[in-house]
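The primary structure of each chain is shown beneath.
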Amino acid sequence: MSPSSSTFRALRHHNYRLWAGADIVSVTGTWMQVLGVNWLVLTLTGSATSVGLSLVMQALPTLLFGMWGGALADRLPSRPVVVAAQLAQAGLAAVLAVIAFTDVRSVLPIYAVALAGGLISALGGPALGRFGAEVVPPADLPNAMALGSIMNSAGRILGMSLAGVLLPFTGMGGLFVINAASFFVVIAAIAAMRRAEFHVLASAARQPGAVLDGLRYVLRTPWLLVVLALWFVSGSVGRNYQVTMAAMSAGPLESDAAGYGLLSTVFAVGTVLGGFLAATRPHLTLRLLLITAFATGVAQALSGLMPSLWTFAAMMLPIAAGAVAIDTTVNARAQLDSPEEMRGRVIAALSIVSAGAGAAGGPLLGWLSDTLGPRVALEAGGVSCVAAALITAVALTRLSGRTIRQAVRVRPSLENA
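Residues numbered from 1 in each chain as written. Predicted model: local features only at pLDDT ≥ 70, side-chain atom pairs only at ≥ 80, totals over all residues. Heavy atoms only, no water.

Undergrad: What exactly am I supposed to notice about a nonpolar patch on the surface here?
TA: Judged by side-chain polarity, Leu53, Val56, Leu60, Leu63, Leu64, Phe65, Trp68, Leu72, Leu76, Leu115, Leu119 and Leu123 come together as a nonpolar surface patch covering roughly 950 Å² of accessible area. Counting residues per element, the ones that place at least two in the nonpolar patch are α2 (48–75) and α4 (108–134). If you tally residues by element for the nonpolar patch, the top one is α2, at eight residues. Residue Leu63 is classed as partly exposed on the basis of its relative accessible area of 35%. (Patch = residues over 30% accessible without salt bridge, like charges linked within 9 Å, V, L, I, M, F, W, Y side chains within 5 Å. Areas by Shrake-Rupley, 256 points an atom, 1.4 Å probe, with all protein chains shown as cover. Salt bridge = Lys/Arg side-chain N within 4 Å of Asp/Glu carboxyl O. Helix = DSSP H or I, 4+ residues; strand = E, 2+ residues; numbered from the N terminus. Buried < 20%, exposed > 50% of the residue type's maximum accessible area, 1.4 Å probe, protein only.)

Undergrad: What's the story with the side chain of Asp74 in this structure? I'm lost.
TA: Assignment of secondary structure puts Asp74 in helix α2. Look past the residues within four positions of Asp74 in its chain and what remains in contact with it is Arg130, Ser203, Ala204, Glu340, Glu341, Met342, Arg343, Gly344 and Arg345. (Contact = heavy atoms within 4.5 Å.)

Undergrad: Quick question: what am I supposed to make of the nonpolar core here?
TA: Side chains that are nonpolar tend, in soluble globular proteins, to be buried together. By size, the foremost hydrophobic cluster in this structure holds 32 residues, and its most contacted members are Tyr16, Trp19, Phe131, Val135, Val136 and Leu147. Aside from chain neighbours lying at most four places away, what touches Val136 is Ala10, His13, Tyr16, Leu141, Ala144 and His199. (Core = buried A, V, L, I, M, F, W, Y, C linked by side-chain atoms within 4.5 Å.)

Undergrad: Mind showing me how you'd approach the packing of helix α1 (residues 14–45) against α4 here?
TA: Each pair of packed helices can be described by the angle between their axes along with the distance between the axes. Where α1 contacts α4, the axes come no closer than 14 Å and their chain directions differ by 160°. Taken together, the axis directions place α1 and α4 in an arrangement best described as roughly antiparallel. When you trace α1 past α4, the crossing you get is left-handed. Here Trp19, Val37, Leu40, Val41 and Leu44 of α1 lie close against α4, whose contacting residues are Ile110, Tyr111, Leu128, Phe131 and Gly132. (Axes fitted to C-alpha atoms, helices over the stretch in contact; angles between N-to-C directions. Parallel < 35°, antiparallel > 145°, perpendicular 65-115°, else oblique. Left-handed = near helix turned anticlockwise from the far one by under 90°.)

Undergrad: I keep staring at α1 and nothing clicks. Help me out?
TA: In an α-helix, one turn spans 3.6 residues, which is why side chains three or four residues apart end up on the same side. Taking 1.5 Å of rise per residue, 32 residues should cover 46 Å, and α1 covers 47 Å from first to last C-alpha, within 8% of that figure. Positive phi shows up at Gly46, right after α1, with a value of about 65°. (Expected span 1.5 Å × (residues − 1).)

Undergrad: Is there a simple way to explain the environment of Thr170 in this structure?
TA: Structurally, Thr170 is set in helix α5 (residues 141–191). Among the residues examined, Thr170 registers a relative accessible area of 29% and is labelled partly exposed. Those residues in contact with Thr170, other than ones at most four positions away along the chain, are Phe101 and Leu175.

Undergrad: How should the confidence of the model for the protein be read in this particular structure?
TA: Interpretation of the predicted coordinates at a detailed level should be avoided for regions scoring low in pLDDT. Chain-level statistics for the protein give a pLDDT mean of 86 and a share of 93% at 70 or above. Within the protein, no element has a lower average pLDDT than helix α13 (residues 374–416), which sits at 76, and none a higher one than helix α3 (residues 78–101), at 94. Note that pLDDT drops below 50 for residues 410–417; the model gives that stretch zero contacts with residues more than four away or on any other chain. (pLDDT = per-residue confidence, 0-100.)

Undergrad: Would you take a moment to explain the pattern of salt bridges for this structure?
TA: All told, the structure shown has eight salt bridges when counted by the stated rule. For Arg130, the salt bridge is made with Asp74, and the minimal N-O distance between the two is 3.0 Å. Here the residue Arg130 occupies a position in helix α4, and Asp74 occupies one in helix α2, the gap between them amounting to 56 residues. Accessibility expressed as a relative area gives 0% for Asp74, which makes it buried. Salt-bridge contacts for Asp337 lead to Arg333; the nearest nitrogen and oxygen are separated by 2.8 Å. The partly exposed category is assigned to Asp337, whose relative accessible area is 36%. Look at Arg333 and you get buried, because its relative accessible area is 14%. Through salt bridges with shared partners, one network takes in Arg9, Arg12 and Asp140.

Undergrad: Would you mind showing me how to read the side chain of Ser78 here?
TA: Here Ser78 shows up in helix α3. Judged by its relative accessible area of 5%, Ser78 is buried. In this view, Ser78 contacts Ala127, Arg130, Phe131 and Glu134; residues no more than four positions away in its chain are not counted.

Undergrad: Help me understand the packing of aromatic side chains, please; the structure alone is not making it clear to me.
TA: Remark: the centre distance and the inter-plane angle together describe each pair of aromatic rings, the angle taken between the planes. Applying the stated rule across the entire model yields four aromatic pairs. Arranged with centres 5.0 Å apart and planes meeting at 70°, the rings of Trp19 and Phe131 form a pair that is edge-to-face. Here Phe131 lies in helix α4 and Trp19 lies in helix α1, a separation of 112 residues in the sequence. Summarising the burial analysis for this pair, Trp19 and Phe131 share the class buried. Aromatic side chains Phe65 and Trp68 sit 6.5 Å apart centroid to centroid with 70° between the ring planes, which places their arrangement in the edge-to-face category. Here Trp68 and Phe65 lie together in helix α2, a separation of three residues that amounts to about one turn. When its relative accessible area of 38% is taken as the criterion, Phe65 is described as partly exposed. In this structure an aromatic cluster arises from ring pairing among Trp19, Phe131 and Phe198. Between Arg79 and the ring centre of Phe198, over which it is positioned, the NZ or CZ distance is 4.6 Å. (Phe/Tyr/Trp six-rings, centres within 6.5 Å; stacked < 30°, edge-to-face > 60°. Lys NZ or Arg CZ within 6 Å of the ring centre and 35° of its normal.)

Set out below in structure tokens:
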């Protein structure tokens, strides 16, 4: 298909083409580093728990400081913040390379880098989201997000594959050097963009209490609160498939590491399909969100009944596709239906919900898999997602009806004024 087709319409814009190309390079480098860090921690400690702790270190700053990053993004110009964050992340990747090449035997410096990287993501991530919305007009933002999901999935597959091939030759330090270089590709792409073609979002005024204003906006916007609640359920017990796929492979499916590798590959392919599904839609609506969340929950519940590796893998395709469609729709609606001057704080709220869902859902699904079995964990998670979709549908219907009744009451008063 050509860039002019509806599926790839965001690629018509010069700035977005640069952003998309830089994004896939950056994501590829990031996943090369993820594999290198996990392997380095595992080599130093011999403990999978230690690997998990490094992930907690990365997520914790988002939970604590994400809203501050959102407030900064709403007040400051996006480009300088994004460039500064890219330079800081490149510096941390270089520090990891030094740790690997000098054969440091302590895991503490790695944890410190993970914590610092998480803090940079917490403070710079909302600005990155705002900047990504400025390289396309608002009408093409949902399509840009969907194409971004495709590139993230492709970059993940490419990054993990390249890391596996290069690791024996470059060592873990080489992977970190490559990731450090990838951030400069992003900076070069930003420098090459046409300033006249930016769609700059309105900024918030500098004022005290900006963080609290963002929290109040989310809590006082019923439809957004309901959607975030659905997304939390979907992202906790309805996601975290790295846990349930591993448990199914080691347990009922008796396929061990080879089966887990196959399932991970199939899931990654499914995420690409989900990105294309979202990209082909002219509009990403709340109705699409509810239908996809309901169908994905049903598929998850059914996946727990699958008797073999291949039938379970077949269920992973629609589940992964649905997960990406849900994420893209939530992000698109939360951003486009919120004030521009609040965009950074809304993006921060999305990041906090996503991080919280991952932190809560992983251990919960692991506990369910260990105590009741992975099949029950999948079925319970799927039923929970179906229930959440139905409750959300009822809540949004009532909110919509209340809005209409309020409009009817206001109109006569305006006519009589």
